[in-house]
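Below are the chains, spelled out letter by letter.
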Amino acid sequence: MRALVWNGVNDLAVETVPDATIVNPHDIVLKVLRTTTCGSDLHVISGYIPSARQGDVLGHEFMGEVVEVGSEVTKTRKGARVVVPSFIGCSKCWYCEHDLWSACDNTNPNPELQAPEMGYPTAGIYGYTHAFGGYAGSHAEYIRVPHADANCFTVPEGVTDEQALYLSDAVPTGYMGADFCDIAPGDTVAVWGCGGVGLMAQKSALLMGAGRVIAIDRIPERLALARSLGAETLDYTQTDVLEELKQTTGGRGPDACIEAVGMEAHGTGPQYAYDKVKQALRLETDRGQALREAIIACRKGGVLSVLGVYGLMDKFPMGVIMNKGLTVRSAQQHGQRYMPEMLEHVVEGRLDPSILTTHRMPLEDAVRGYALFKEKQDACIRVAFVP
Amino acid sequence: MSPQEQDHGPVHGALGKAEDGLRKAVAPVAQRLVSGRAGSVGDDAVLVRQAITIGRDAEELAQLLRSPELARQLLTTSDGPEISVEPTGPDSARWTVTGPLGLHLVSDVRRESGPTEEPLRWHAEPGGDLAHEGVLRLKPAREDWGTELHAEIRVAPPAGPLGRLGRGPLQTAAGAVAMKALRRCKSLAETGEVPTLRDNPSGRTTTTES
């Protein structure tokens with residue numbers, strides 16, 4: 001089958017690789033109908049997430065049609081059109097049973113690669129380095145989905161492939177980030193980042209009753225899309241974000257701050273230059289401008305919801321979190337937990353994730369797609385690949 | 001041409017040949033040093049302790065842990081260090097660990113089943129390359145967590161006095177193998193299967209033609 005593979009730092013190619021097959025009895029094989037770029041892929045492609053191996057198939061956000069079913073799969077049917085959360089759950093361990101799906105204890109075949117740094121390993125994820133499981137990703141014609149009955153969600157009639165596609169990762173990540181904020185009616189929520197996850201966090205916060213959502217980015221088209229969802233916007237290259245947030249909230253700060261940027265944040269000023277140099281020299285993995293700003297901006301006793309992917313950061317303002325009494329909540333996404341309510345929002349027309357697709361192209365053009373996505377050229381927000 | 005071949009310039013090629021040469025020169029000497037020199041598990045043994053909590057009741061787990069097939073299921077992986085387990089009798093097996101430089105450490109291992117709270121003990125028979133002994137114990141976990149599985153393993157450094165210099169790395173390696181085995185045991189007990197990358201598609205066996 002054809003697949004997009006990582007052959008080294010910033011070196012991608014579409015190649016012919018062995019077909020995906022059933023390996024364990026709870027597996028299915030999915031014919032990928034749509035698969036998309038994610039900002040967190042860029043961290044892998046750039047070499048900031050260790051343990052990618054030459055030849056790894058990338059991609060973790062996808063949907064498709066079930067074409068093969070393992071011997072112990074009972075609910076997932078051949079021919080079904082399904083969406084699959086990016087983190088793989090087993091539904092049997094304590095973490096899955098408590099809706100902490102991305103912390104699943106039974107789906108990462110390489111726990112020893114994470115445990116030394118993190119203490120305890122996360123669940124496995126598709127196409128996202130060997131420390132995160134090493135599973136082949138979705139930028140391919142077919143993909144093996146372990147524990148299918150726990151991870152395959154039937155796409156209802158009337159929901160398009162592209163609406164379903166983003167329920168795999170961008171929507172649940174944003175939705176979970178808003179859920180972490182325990183939003184009370186009328187709350188003000190600030191969201192750093194207007195990529196796929198940030199935009200979905202903004203929309204989710206509004207669906208959950210936020211009075212105001214303030215979106216922060218620098219790309220005009222992304223800010224315009226945020227406004228179309230109902231958010232107010234700040235362009236950080238044109239305004240002092242901290243000062244503006246203070247003024248617009250009567251000197252209190254937002255009730256909750258959602259960080260949806262991650263380790264390759266852009267920014268301004270000497271702190272940004274410092275991060276850029278240290279990251280380039282591999283002395284730290286993270287450019288933390290957005291996260292630091294969100295911590296400082298948040299009102300006392302507020303909630304900081306961290307959705308961006310991070311490794312090791314310098315100058316993390318822990319004292320601000322402690323002294324202001326912030327509640328920090330974070331996780332890789334627990335998509336299985338939110339899927340039924342997300343699907344309901346889509347079916348009833350309150351949420352249309354397909355607005356994220358700015359470019360659609362065949363999988364054969366995936367290298368060009370990632371170049372567009374990485375450089376944010378041609379107003380690119382997300383590229384949907386059709387294998 | 002594979003991507004690996006495409007990426008390898010003259011410097012990489014020379015380094016690869018040097019590494020192969022070193023491996024060929026050193027491996028036989030190292031193999032002689034470790035073969036049959038394990039000694040016995042005494043005071044200088046490395047102690048490895050690992051624990052994991054499994055969402056199953058103790059009796060059910062004890063039954064799984066006593067299974068003669070278990071060691072092969074937990075230790076033979078396509079994803080980690082190369083360990084093979086070949087049964088040699090109802091309660092015995094030959095374990096072969098393939099280490100750095102392609103070294104083979106071979107041990108004949110005998111297992112002994114016990115009561116629920118201590119369902120399994122095992123030890124390597126004298127004369128092998130890797131003298132070790134281990135015990136698995138079960139304790140109830142709090143509330144709805146199930147049962148705690150504790151492993152305690154003692155490993156004698158191989159290669160006599162020379163091997164004692166490598167106690168630190170031996171402890172790290174044995175601890176990692178034990179932890180991975182416990183995690184695989186948990187997955188088997190809770191889901192009926194072990195996570196694996198077997199037959200995982202990748203461009204490491206690829207062609208660039210469509």
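Right above here is the structure, for reference.
Below is a summary of the structure that appears in this document. Values in this document were obtained by computation on a predicted structure and should not be read as measured data.

Parameters at a glance
- Residues numbered from 1 in each chain as written.
- Chains lettered and ligands numbered in written order.
- Predicted model: local features only at pLDDT ≥ 70, side-chain atom pairs only at ≥ 80, totals over all residues.
- Heavy atoms only, no water.
- Disulfide = S-S within 2.5 Å.
- Buried < 20%, exposed > 50% of the residue type's maximum accessible area, 1.4 Å probe, protein only.
- Helix = DSSP H or I, 4+ residues; strand = E, 2+ residues; numbered from the N terminus.
- Expected span 1.5 Å × (residues − 1).
- Arc of directions from axis to C-beta.
- Contact = heavy atoms within 4.5 Å.
- Buried area = accessible area lost by both parts, 1.4 Å probe.
- Salt bridge = Lys/Arg side-chain N within 4 Å of Asp/Glu carboxyl O.
- Polar contact = N/O pair within 3.5 Å; in protein donor to acceptor, adjacent residues only side chain to side chain.
- Pairing = 2+ DSSP bridges.
- Phe/Tyr/Trp six-rings, centres within 6.5 Å; stacked < 30°, edge-to-face > 60°.
- Axes fitted to C-alpha atoms, helices over the stretch in contact; angles between N-to-C directions.

Attention shifts here to the state of the cysteines. Residues and elements named next belong to chain A. Evaluated as defined, the whole model comprises zero disulfides over all chains. The closest cysteine sulfur to the non-disulfide-bonded C152 is located on C96, 14 Å from its own sulfur. The thiol of C257 is unpaired, and the distance to the nearest cysteine sulfur, on C298, comes to 4.0 Å. You can call C257 buried: its relative accessible area is 0%.

Let us look at helix α10 (residues 269-280) of chain A. Each turn of an α-helix holds 3.6 residues, which means side chains three or four residues apart point in the same direction. Residues and elements named next belong to chain A. When the terminal C-alpha atoms of α10 are compared, their 17 Å separation across 12 residues agrees well with the 16 Å that a helix rising 1.5 Å per residue should span. Where α10 is concerned, the buried positions are Y272, D275, K278 and Q279. Taken down its axis, α10 places every buried residue within 135 degrees of arc, on the same side. Among the exposed residues of α10, those oriented more than 90 degrees off its buried face are P270 and A280. Against the buried residues of α10 lie α11 (289-297).

Residues and elements named next belong to chain A. The phi torsion at K376 lies on the positive side, around 55 degrees, for a residue other than glycine. By the secondary structure assignment, K376 is in the loop between α14 (366-374) and β16 (382-386). The phi dihedral of D378 is positive, around 55 degrees, even though this residue is not glycine. Note on D378: relative accessible area 57%, which makes it exposed.

Residues and elements named next belong to chain A. The residue G137 is located in the loop between α3 (111-118) and β7 (142-145) in this model. With a relative accessible area of 1%, G137 lands in the buried category. For the pair formed by G137 and I125, sequence separation is 12 residues and the distance between their alpha carbons is 8.4 Å. The contact partners of G137, leaving out residues within four places of it in the chain, are V57, L58, G59, Y126, G127 and I143.

This part takes up the interface of chain A and chain B. Listed per partner, the contact involves 45 residues of chain A and 30 residues of chain B. Summing the contributions of chain A and of chain B, the shared interface buries around 3100 Å²; its carbon and sulfur component is 48%. Sorting the residues of chain A by area buried against chain B places A:Q54, A:W94 and A:N106 first, and these three jointly supply 19% of that buried surface. Summed over the shared surface of chain A and chain B, the number is four salt bridges. Between B:K180 and A:E112 there is a salt bridge, with its nearest N and O atoms 3.0 Å apart. At the junction of chain A and chain B, the tally comes to 17 residue pairs in polar contact (both at pLDDT 80 or more). Elements represented by at least two residues in the side of chain A that touches chain B include exactly β1 (2-8), β2 (11-16), β4 (56-57), α2 (94-97) and α3 of chain A.

The next subject is the sheet that holds β2(A). Residues and elements named next belong to chain A. Here we have three strands laid out as an open sheet, ordered β2-β1-β4, and antiparallel in their pairing. The open sheet has two edge strands, β2 and β4, and neither has a second partner. Sheet topology places β1 next to β4; two bridges connect them, and they run antiparallel. Each bridged residue has a counterpart across the sheet, and for V5 the counterpart in β4 is V57.

Moving on, we come to the packing of aromatic side chains. Residues and elements named next belong to chain A. Counted by the stated rule, this structure contains 10 aromatic pairs over all chains. Where F62 meets Y126, the ring centres are 5.1 Å apart and the plane angle is 90 degrees; that geometry is what we call edge-to-face. Residue F62 is located in strand β5 (residues 61-69), and its partner Y126 is located in the loop between α3 and β7; the two are separated by 64 residues in the primary sequence. In terms of burial, F62 and Y126 fall into one category: buried.

This part takes up the sheet that holds strand β9 (residues 188-192) of chain A. Residues and elements named next belong to chain A. The six strands are arranged β11-β10-β9-β12-β13-β14 in an open sheet whose pairing can be described as parallel. Both outer strands of the open sheet, β11 (232-235) and β14 (327-330), are each paired with one neighbouring strand and no more. Across this sheet, the average inter-strand angle for adjacent strands is 20 degrees, counted without regard to direction. Here strand β12 (residues 256-259) pairs with strand β13 (residues 303-306) via four bridges, running parallel. If you follow E259 over to β13, its bridge partner there is V306.

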